[in-house]
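Coordinates in review
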Amino acid sequence: MGFRCGIVGLPNVGKSTLFNALTETQAAQAANYPFCTIEPNVGNVGVPDPRLDELAKIAGSQKIIPTQLGFVDIAGLVRGASKGEGLGNQFLGNIREVDAIVHVLRCFENDDIQHVDNKVDPISDADTVETELMLSDLESLEKRVPAAQKKAAQGDKEAKLIASVLGQALDLLREGKPARLTRPKDEEEARVFRQAQLLTAKPVLYVCNVEEGAAAEGNAFSARVFEKAKAEGANAVIVSAAIEAELVGMEQDERLVFLEEMGLHETGLARVIRAGYDLLHLITFFTVGPKEARAWTVHQGAKAPDAAGEIHSDMQRGFIRAETIAYADYVALGGENGAKEAGKLRQEGKEYVVHDGDVMHFKFNV
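Note that the coordinates shown come from a computational prediction; the quantities given were computed from them, not determined experimentally.

1. Some thoughts on unusual backbone geometry
Its identity as a non-glycine residue notwithstanding, Q197 has a phi of 50°, on the positive side. With respect to the helices and strands, the residue Q197 is situated in the loop between α6 (187-195) and β6 (204-209). Here Q197 falls in the partly exposed class, since its relative accessible area comes to 41%. Positive phi is not limited to glycine here, since H281 has a value of about 55°.

2. Section: the packing of aromatic side chains
Scanning the entire structure with this criterion turns up three aromatic pairs. Ring geometry for F285 versus F362: centroids 6.1 Å apart, planes at 90°, classification edge-to-face. Of the two residues, F285 sits in strand β8 (residues 282-288) while F362 sits in strand β12 (residues 359-364), which places them 77 residues apart along the sequence. Of the two residues, F285 and F362, both sit in the buried class. Here the aromatic residues F285, W296, F319 and F362 are joined through ring pairs into a cluster of three or more.

3. Digging into the packing of helix α4 (residues 122-153) against helix α5 (residues 157-174)
Where α4 meets α5, the axes come as close as 8 Å, and the angle between the chain directions of the two elements is 150°. Of the two possible hands of crossing, α4 and α5 adopt the one that is left-handed. For the pair α4 and α5, the contacting residues are M134, D137, L138, L141, E142, R144, V145, A148, Q149, K151 and A152 in the first and A159, K160, I162, A163, L166, G167, A169, L170, L173 and R174 in the second. Residues of the contact of α4 with α5, tallied by class, amount to 13 nonpolar, two polar and six charged.

4. Observations regarding the nonpolar core
Here is a general trend for soluble globular proteins: nonpolar side chains tend to be buried in one another's company. Counting residues in hydrophobic clusters, the biggest one holds 53 residues, and the most contacted among them are L69, F71, I95, L205, Y206 and V207. It is helix α10 (residues 268-280) that provides the largest number of residues to this core, a total of seven residues. If near-sequence neighbours (up to four positions away) are discounted, Y206 is found in contact with H103, L105, A126, V225, K228, A229, E232, A234, N235, A236 and V237.

5. Overview of the environment of F364
Inspection of the secondary structure puts F364 in strand β12. We classify F364 as partly exposed; its relative accessible area is 35%. C-alpha of F364 to C-alpha of Q316: the two residues are 48 residues apart in sequence and 7.7 Å apart in space. Apart from the residues lying within four places of it in its own chain, the contact partners of F364 are D314, M315, G318, F319 and I320.

6. Some points on the layout of surface pockets
Quantified by volume, the largest pocket comes out at close to 960 Å³. Around the largest pocket, the lining is made up of 28 residues, and of these D99, A201, K202, P203 and L280 lie nearest the centre. At the level of secondary structure, the elements contributing two or more residues to the lining of the largest pocket comprise α6 and α10. If you tally residues by element for the lining of the largest pocket, the top one is α6, at four residues. Within the lining of the largest pocket, the residues separate by chemical class into 14 nonpolar, six polar and eight charged.

7. Some words on α4
End to end, α4 covers 45 Å across 32 residues, agreeing with the expected 46 Å (1.5 Å per residue, within 8%). Backbone geometry just downstream of α4 places G155 in the positive-phi region, at approximately 100°.

8. Some remarks on the side chain of T297
One can find T297 in strand β9 (residues 292-299). Judged by relative accessible area, which is 0%, T297 ranks as buried. Within the structure, the side chain of T297 is placed 2.9 Å from the side chain of T67, a separation counted as a polar contact.

9. Some points on the sheet that holds strand β4 (residues 68-73)
Taking strand neighbours across the sheet as the criterion, the six strands line up as β2-β4-β1-β5-β6-β7 in an open arrangement whose pairing is mixed. Where the open sheet ends on each side, the last strands, each with one partner, are β2 (41-46) and β7 (235-239). Direction aside, neighbouring strands of the sheet carry axes that sit 25° apart on average. As paired elements, β6 and β7 share five bridges and run parallel to each other.

Analysis parameters
- Residues numbered from 1 in each chain as written.
- Predicted model: local features only at pLDDT ≥ 70, side-chain atom pairs only at ≥ 80, totals over all residues.
- Heavy atoms only, no water.
- Helix = DSSP H or I, 4+ residues; strand = E, 2+ residues; numbered from the N terminus.
- Buried < 20%, exposed > 50% of the residue type's maximum accessible area, 1.4 Å probe, protein only.
- Phe/Tyr/Trp six-rings, centres within 6.5 Å; stacked < 30°, edge-to-face > 60°.
- Axes fitted to C-alpha atoms, helices over the stretch in contact; angles between N-to-C directions.
- Left-handed = near helix turned anticlockwise from the far one by under 90°.
- Contact = heavy atoms within 4.5 Å.
- Nonpolar A, V, L, I, M, F, W, Y, C, P; charged D, E, K, R; others polar.
- Core = buried A, V, L, I, M, F, W, Y, C linked by side-chain atoms within 4.5 Å.
- 1 Å grid on protein atoms, 1.4 Å probe; cavity = no way out; pocket = protein on both sides within 12 Å on 5 of 7 lines; lining within 4 Å.
- Points joined across faces, edges and corners; volume = space filled by probe spheres on them.
- Expected span 1.5 Å × (residues − 1).
- Polar contact = N/O pair within 3.5 Å; in protein donor to acceptor, adjacent residues only side chain to side chain.
- Pairing = 2+ DSSP bridges.

In structure tokens:
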């Protein structure tokens, strides 16, 4: 399944540099002036997972195929974007199409890099972007809610549901709060809320772009962002886009040495992915064999047929059962045969809820 994260922020905070580093391409032109990103750049990157390498080694797999994570580099927003300022509403539309927002905040001082407000204040920057997203949602709902209320008064049940759910979101926006604070009370309300595709309903991950020396522990700027994220129930990570850019092109051994010298244990990509998975409530399951070891992504709470459907719709439609081994058992017992002999290979049915790290083989008939 994977998921797509839209990288947003004010101009010159390091969005395109981070995008280039994360996707290990030079697809986005990184330049020291506003609006160097005109069209949204999209890059897919394999999600690093040491468990997949271990499974492939045990099974002697010829190929290793990680699950994919998509990043969309969206142009810098400025005040008035919701009214067409800067590059305007086309970029708000790009944000609408992603699953989560990766909000890059400048948490470093550098006189050589222009800031649109001529000051370094990540909280103010975050508020600027959030305000534009809220204004866009507000404008949308102030048209949609009265229309739904009018149909509801005529006895339209779906319109009544829409008016109720989106009315709650509209009230929040009028109070200066994001729509994601709306609390649908059941799956029907959740469906209506999802279908509304509100910008401020997207889960947010704040990425604190710090100078190289602060990559391990952060700085005073990033500390304020973490406080903000905690208060909002959002996630935050520390990344040095400059370091990530230096890692591009390095061999794995070189990377490990470089990271250790910088006091780091993993790349910024790994931190962003882990935080993104937490943000979207995602887990990984594996399929393993002599030809390939492959990672797949599903939402927490997904059942075995849903996981089968990630591989092929026919598997979901004709699902019979899932032969399942926990990752720890697969490794400890030396693979499928050892797990089977130890009674650790389970036959799971349609109601089985997939666990993170499950090694699965699906039986189906169509």
